[in-house]
Amino acid sequence: MPKIVKLILQNSITVMVLVIILMMIIPIPASIIDVFILLNMALSMMILVITMSIHEPLEFSIFPTLLLMTTLLTLGINVSTTRNILSNGGNSGNVIKAMGDFVLQGNIVVGIVIYIIIVLMNFIVINKGAERVAEVAARFNLDAMPGRQMAIDSDMGAGLIDDVEASRRRRKVQRESDFYGSMDGATKIVKGNATMSIITTMINLVGGIIIGMVQGGGDLQTVAQTYSIATIGDGLVGQIPSILVSTSTGMIVTRAVAEGSLNEDISREFLAQPRAFTIAGAIILLLIVVPGMPIPYLLLVGGGLIGVGIFLERKMKEQPDFAKSKEVFGDGGGARTQAAPQAQAAAAQEAEAPAPEPVQEADYYKDVNNVYKLLQVEPCELDFGYSLIPLADESMGGRLISRIVIFRRQYAQDMGFVVPSIRLRDSSSLGTNEYCIRIKGEEVARGEILVDYFLALESDQVTHKIDGIDTIEPAYGIPSKWIRPENREKAELYGYTVIDPLSVMINHLSEVIRQHAFELITRQEVVRLIDNLKQTAPELIEETVGSVLTYSMIQRVLVQLLKEGVAIRDLETILETMASAIVDKGVSPKDIDGIVEQVRIALKRTITRMYTEDGNMRVITLDADLERAMVDSLSKGENGFYLALSPDILQSVIRQVQDGIKKFGELDQPPVILTSQVMRTHFYHLIAQFFPNVRVLSFNEVASNVQIQSIGSLKLEDRDTA
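Residues numbered from 1 in each chain as written. Predicted model: local features only at pLDDT ≥ 70, side-chain atom pairs only at ≥ 80, totals over all residues. Heavy atoms only, no water.

> Even after reading the chapter, I still don't get the sheet that holds strand E16 (residues 707-714), so can you show me in this structure?
Strand pairing in a sheet takes place through backbone hydrogen bonds and is either antiparallel or parallel in direction. With parallel pairing, the 4 strands of this open sheet are ordered in space as E15-E14-E11-E16. Across the chains shown, the open sheet's two edge strands, defined by having one partner strand only, are strand E15 (695-698) and E16. Across the sheet, the axes of successive neighbouring strands diverge by a mean angle of 40°, strand direction being ignored. As defined by bridge partners, strand E14 (residues 672-675) adjoins E15 across 4 bridges and the pair is classed as parallel. Bridge pairing links Thr675 to Ser698 in E15. Here helix H27 (residues 624-632) sits on the sheet in contact with strand E11 (616-622), E14 and E16, set at roughly 60° to E11. (Pairing = 2+ DSSP bridges. Helix = DSSP H or I, 4+ residues; strand = E, 2+ residues; numbered from the N terminus. Axes fitted to C-alpha atoms, helices over the stretch in contact; angles between N-to-C directions. Contact = heavy atoms within 4.5 Å.)

> Would you take a moment to explain the nonpolar core for this structure?
Across soluble globular proteins, you tend to see nonpolar side chains buried next to one another. One finds Leu382, Leu400, Leu558, Leu575 and Met578 to be the most contacted residues of the largest nonpolar core, which totals 77 residues. Looking at this core element by element, the count peaks at 7 residues for helix H19 (residues 501-515). Once you skip the residues sitting within four places of it in the chain, Met578 turns out to touch Leu549, Met553, Ile554, Val557, Ile595 and Val599. Membership of the second largest hydrophobic core comes to 21 residues, among which are Leu622, Val653, Met679 and Ala688. (Core = buried A, V, L, I, M, F, W, Y, C linked by side-chain atoms within 4.5 Å. Buried < 20%, exposed > 50% of the residue type's maximum accessible area, 1.4 Å probe, protein only.)

> Can you help me understand a nonpolar patch on the surface in this one?
Together, Val109, Val110, Val113, Ile114 and Ile117 give the surface a local cluster of nonpolar side chains, amounting to about 420 Å² of exposed area. Along the polypeptide, Ile114 turns up in helix H6 (residues 108-157). (Patch = residues over 30% accessible without salt bridge, like charges linked within 9 Å, V, L, I, M, F, W, Y side chains within 5 Å. Areas by Shrake-Rupley, 256 points an atom, 1.4 Å probe, with all protein chains shown as cover. Salt bridge = Lys/Arg side-chain N within 4 Å of Asp/Glu carboxyl O.)

> When you look at the packing of helix H24 (residues 571-583) against helix H25 (residues 592-602) in this model, what are you seeing that I'm missing?
Helix-helix packing: each pair is described by the crossing angle between the helix axes and the interaxial distance. Their axes nearest at 9 Å, the elements H24 and H25 cross at an angle of 130°. One way to sum up the angle between H24 and H25 is to call them oblique. Judged by the sense of rotation from one axis to the other, the crossing of H24 with H25 is right-handed. Counting all contacts with H24, which are made through Thr573, Ile574, Thr577, Met578, Ala581 and Ile582, the residues of H25 involved are Ile595, Gln598, Val599 and Ala602. Of the residues belonging to the contact of H24 with H25, the class tally is 7 nonpolar, 3 polar and no charged. (Parallel < 35°, antiparallel > 145°, perpendicular 65-115°, else oblique. Left-handed = near helix turned anticlockwise from the far one by under 90°. Nonpolar A, V, L, I, M, F, W, Y, C, P; charged D, E, K, R; others polar.)

> Any chance you could explain the sheet that holds strand E9 (residues 479-483) here in plain terms?
In space, the 4 strands of this open sheet follow the order E8-E9-E7-E10, with antiparallel pairing throughout. For this open sheet the edge positions go to strand E8 (469-472) and strand E10 (497-499), each flanked by a neighbour on one side alone. Sheet twist, expressed as the average angle between the axes of neighbouring strands with direction ignored, equals 35°. Bridging between E8 and E9 involves 4 bridges; their strand directions are antiparallel. If you follow Ile469 over to E9, its bridge partner there is Trp482. Contacts between H19 and the sheet are confined to strand E7 (454-457), E9 and E10, with E10 contributing the most and set at about 95° to the helix.

Right under this line is the structure:
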């Protein structure tokens, strides 16, 4: 017996659904129906409270299924009560009788009118509205999925999130789409329940009167009184849960832009507008001029609202303003913080306190050691205007430092190079919304962001235009618009990719660092990488570094690899290949390009992965005639061979490369040009100054399991044709 009880408890939901279905078939005593009616009301109230307490719809993801179950329970109760009303002379339990007596109050007409009003209110207002909102939300959420997926891929590509967080966000996007799709169908169930309630009421009233007069032999007034009480009571006990569930449905599908629970959002947003209380109170007081209005009540309500408004406005003025941020960071770049290379524990130590300046600057620089401090050049710097200080100040909720830490970690995992500390400082020479990125003391990029806006990136999937401030996304040059936060959801539904201001700056910073990483790998950083490798491959370091390979040689090879976007994470393979190229293949230690080519071949899997999508690599190839002409034009100089193409051929090649790059616009990979191993280095040096983001690969660098698809070819054009 205990095992049976345990099994029933484990499958309680299944048992409950079966019991509800049986209620429609098996006659149920009125006393038991009373219990089910009360349980139905309690369950509906619980659902309403939950929908008002959650922060986002996915916290109550079972809601669509729960709607079906509650609707099924209500229908089961309606069938059972209808059976009892028609077969027991209008008697279907104490709950129904009490509700009917309470609403009718001895007047059948008034009771029926009140019941009709409740039914129509539920059916026309709440159900129709919730159904429409759910339908629109489902369609727009589905349309916005590609843009939201692109935003996730953009954040992951910029190193702002890792693979785990990206997977979590993708699952959330998919769950939201499934949820709103289910809600679109679930609202039809709620609407059907309201319709069925009206039909059941008509059956109870008309059928009961006919049965009472024909089978019971009673007079019309007595029969109408008896069955009206039962009908109105039965309708109400069904409509009350229906209204609660319908209201819950409307709430959960209209909370797309909520940030907290309903109570928190209403309290926060209402209390943040004290002027609304004051104006509303003043208008209420003006109603005193209307003859016959209850003046005491007007004074009570209007005066109370004005009092609340004045109290809230004073409370807001007493709160600290944001002027203190200027004291924290200074006004001339005196404050600074560095993004630590460690994880979050070190991030807490990022923000350095401003160094106390001596009273007399001349006295300070009398010490020659202080003068030498002026000669230090930071590898990376990020200067920003005064309005952007809250993004970096952790005491004000700024997340710039933590995002830089995430990017550094992701970049180290992807490329095998640790980005040095980034100096952050405010600058009075910049505009309030501007920021400037410096590499080794020199400005390499500049941008402008609006802290109180979101950036909506345009794409081919945009279905409607949205109002905003036109701009250009600084990292990739994409046409964009700065939009207000309240228009964010609308922009995503229209097909825009929407990102916050901090992500705009981080994306720009990360892209600049990727492009200039080869400038940041100093001799000291090479020593650190070698020391780190020594912990796992001490024999390799002992045999090669210092005897076959020098730190200078290793640095030059790593610089060239990073310059062409090749990851140096597999440093062990790189050093082994370099040593093998010099010792076994006779490559001169001075021929860095030759050594780099051997390393690139050894890293073919890494290189292939970076430019492959679904096992396919789209490339532009070199025509045999053009490659032959290039080989013939090779000339030897002091630093080795170089291409000496005629101006006509060079101009033709540059033009064809520019046209070929446009074909990669719709592909999810950077432009790739495929050449022979002999010409790869020379062709790269030829076009690098014009197209630094174009990757030049040789056939020997492509893994054998990849399908190469040529989407264009560079040809040797005749002078007349060109």
